[in-house]
Amino acid sequence: MKPIYAATIVLMAFAIGEYVNVKSKARLSAILTTTIVLVAMFWMGMPAEIMTVTGFSVAASTLYGLTMVNMGTMVNIDDMISQWKTLVIGFASVCAICALVVLVGPMFIDRRYAVCGAPVVAGGMPVYLMVKELAEGNGFVEGGIFGLLVLLTQSLVGLPISSMILRKLCKQLLESGELLNGPTEDVVLKKKDHKKWFKPMSQEMCKPVVYLAKGALLTSLATILSELTGGAVHYMIFCLLLGIVACQVGFIEKEFFQKANGFGLMMFMVLAMCFASLPDLTPKLLLSMVIPWIVVFALGILAIFIVTSVLSKILKMPYLMSVVIGLTALYGFPGTFVISNEVSEAVGRTDEERQALLDYLLPKMLVAGFATITISSLLVVGFVLPFF
């Protein structure tokens, strides 16, 4: 098949996913819908080569490190410090999910499914790509497919549970009068102008290729650092950390990939790379993964409830809020933003109550979603994958 034909088919599948996402007001994930469309086409006889002849996977695997550097530039240190309780709960939840699924899961399912599923439940796309690489490198193609299944259904599990819990929490807060009559427990820091080591680029140098060159340089450095550790620390972790540091010192601009007008295309190619294993997903294989899927999510959610019940008392944060912070590992941003607005609008009876609820929920939810999906999950996954 000619590459342009294959690219057209894949792009049309993604377009259908986006259409459904818009029409359902983001209740149906664009990624999940796209997956269903592609799987249906493969089961009806579509050639598997459409996922390889385009070259999307090759480009994505080469440049994906730049997206991790870009993610690092989005970290706001001041927000992280002011929401330190949220960070602690989010990090502990990710650790608890991985620990319980990896240690207890093998009692019920194949140990390899537990190891492949645990990091993805606790993380997201970056973690899945690491799991896929390891599983396929060890000849366990099913592990990469199972990780994709977990990734695609995370939000379907996490968002409804979070919505129910947040509604109950908001009603309790309004009944107690805490939000309208007193300050919350958050510590608000004054924004500081951090001293930069590098001067901003001149307007003439603010070109896409310059932004990308900086990102590529940091990605190359991350790869070298990973090799120095013998591969013990994945290069994506170094990409994230270097992105944070480089942005703080002024070497690279915040959200440089968006400034280079390449983020949308890059994310499409990354998703196409993730879907490269879909032709191997047969109806029989899908049915065989139902039990492992149930076990992985059940243990993951149980781990969140257990660890947050302890930390909520230690950190003096409402238990229900702590649970939702842990659950953000299952969906991250923009789910955290959407659900905060939806619940505030639904529960608040006046504009004042709605704003008070949003002011209470949104800072925690945004920090939690970013921290669990990126920083925490990437750091923890390095300790989980060796169990493979």
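The preceding data block contains the structure.
The numbering scheme is per chain: residues are counted from 1 as the chain's sequence reads. Per-residue local features are limited, in this predicted model, to residues with pLDDT of at least 70; the limit for side-chain atom pairs, both in listing and counting, is 80 or more; totals at the level of whole chains, interfaces and linings are taken over all residues. Side-chain calculation: all heavy atoms of the structure are included, whereas hydrogens and water are not.

Colleague: Explain helix α10 (residues 208-228) to me, please; I cannot follow it from the model alone.
Modeller: One turn of the α-helix equals 3.6 residues, which is why residues spaced by three or four share an orientation. Helix and strand definitions follow DSSP, with helices as H or I runs of at least four residues and strands as E runs of at least two, each counted in order from the N terminus. Expected span of a helix, by definition, is 1.5 Å for each gap between consecutive residues, and there is one gap fewer than residues. Compared with the 30 Å implied by 1.5 Å per residue over 21 residues, the 30 Å span of α10 between its first and last C-alpha is a close match. Here's how the labels work: a residue is buried when its accessible area is under 20% of the maximum for its type, exposed when over 50%, partly exposed in between, all with a 1.4 Å probe on protein chains only. Along α10, the residues classified as buried are Val210, Tyr211, Lys214, Gly215, Leu218, Thr219, Ala222 and Ser226. Two residues qualify as a contact provided that any one of their heavy atoms is within 4.5 Å of a heavy atom in the partner residue. Along its buried surface, α10 packs onto α3 (56-73), α11 (235-249) and α12 (256-259). Just beyond α10, the residue with positive phi is Gly230, at close to 70°.

Colleague: Explain helix α15 (residues 290-315) here, please?
Modeller: The terminal C-alpha atoms of α15, which comprises 26 residues, lie 37 Å apart, in line with the 38 Å expected from a rise of 1.5 Å per residue. Just downstream of α15, Lys316 is the residue with a positive phi angle, here 55°.

Colleague: Could you clarify how one ought to interpret the environment of Leu149 in this entry?
Modeller: Relative to the helices and strands, Leu149 is located in helix α8 (residues 141-176). Among residues more than four places away in sequence, those in contact with Leu149 are Leu286, Met289 and Trp293.

Colleague: Help me understand the packing of α8 against helix α17 (residues 335-347), please; the structure alone is not making it clear to me.
Modeller: Axis angle and axis distance: for two packed helices, these are the angle between their axes and the distance between the axes, and together they describe the pair. At a closest axis distance of 10 Å, the pairing of α8 and α17 adopts a crossing angle of 45°. Here α8 is positioned oblique relative to α17, judged by the angle of their axes. The crossing of α8 and α17 is right-handed. Taking contact as the criterion, the partners of Leu159, Ser162, Ser163, Leu166, Arg167, Cys170, Lys171 and Leu174 in α8 are, on α17, Gly335, Ile339, Val343, Ala346 and Val347. Residues of the contact of α8 with α17, tallied by class, amount to eight nonpolar, three polar and two charged. To obtain an axis, a line is fitted to C-alpha atoms, over the contacting stretch when the element is a helix, and the angle between two such axes runs from 0 to 180 degrees between their N-to-C directions. Each angle receives one of four descriptions, namely roughly parallel if under 35 degrees, roughly antiparallel if over 145, roughly perpendicular if within 65 to 115, and oblique otherwise. Note: crossing handedness is left-handed where the near helix turns anticlockwise from the far helix by less than a right angle, and right-handed where it turns clockwise. The nonpolar class holds Ala, Val, Leu, Ile, Met, Phe, Trp, Tyr, Cys and Pro. Asp, Glu, Lys and Arg form the charged class, and all remaining residues, Gly among them, are polar.

Colleague: Please explain the packing of aromatic side chains as it appears in this structure.
Modeller: The description of an aromatic ring pair uses the distance of the two centres, along with the angle that the planes make with each other. Pairing of aromatic rings covers Phe, Tyr and Trp, the last through its six-membered ring, and needs centres within 6.5 Å; plane angles under 30 degrees mean stacked, over 60 mean edge-to-face, and all others mean tilted. Within this structure, the stated rule accounts for eight aromatic pairs. Centroid distance Phe198 to Phe251: 5.4 Å. Interplanar angle 65°. Geometry classified as edge-to-face. A residue pair is termed long-range when its members are at least 10 positions apart, and Phe198 in the loop between α9 (178-181) and α10 and Phe251 in the loop between α11 and α12 qualify at 53 residues. On the basis of relative accessibility, which here comes to 42%, the residue Phe198 falls in the partly exposed class. Classification of Phe251 as partly exposed rests on a relative accessible area of 21%. For the ring pair Trp293 and Phe297, a centre distance of 4.8 Å and an interplane angle of 55° mean the geometry is tilted. Here Phe297 and Trp293 lie together in helix α15, a separation of four residues that amounts to about one turn. Each residue in the set Phe14, Phe56, Phe268 and Phe275 is aromatic and connected to the rest through ring pairs, giving one cluster. Each ring is checked for a lysine NZ or an arginine CZ that lies within 6 Å of its centre and within 35 degrees of its normal; such an atom marks a charge sitting over the ring. Its guanidinium or amino end placed over the ring of Phe140, Arg112 lies 4.0 Å from that ring's centre, counting from NZ or CZ.

Colleague: I tried to follow the pattern of salt bridges on my own but got confused; where do I start?
Modeller: Pairing between side chains of opposite charge can happen when their charged atoms approach one another. For this document, the term salt bridge refers to a Lys or Arg side-chain nitrogen within 4 Å of an Asp or Glu carboxyl oxygen. Under the defined criterion, the tally for this structure stands at six salt bridges. A salt bridge links Lys132 to Glu136; its shortest N-O distance comes to 3.3 Å. Of this pair, Lys132 and Glu136 both sit in helix α7 (residues 125-137), four residues apart, which is roughly one turn of that helix. Judged by its relative accessible area of 11%, Lys132 is buried.

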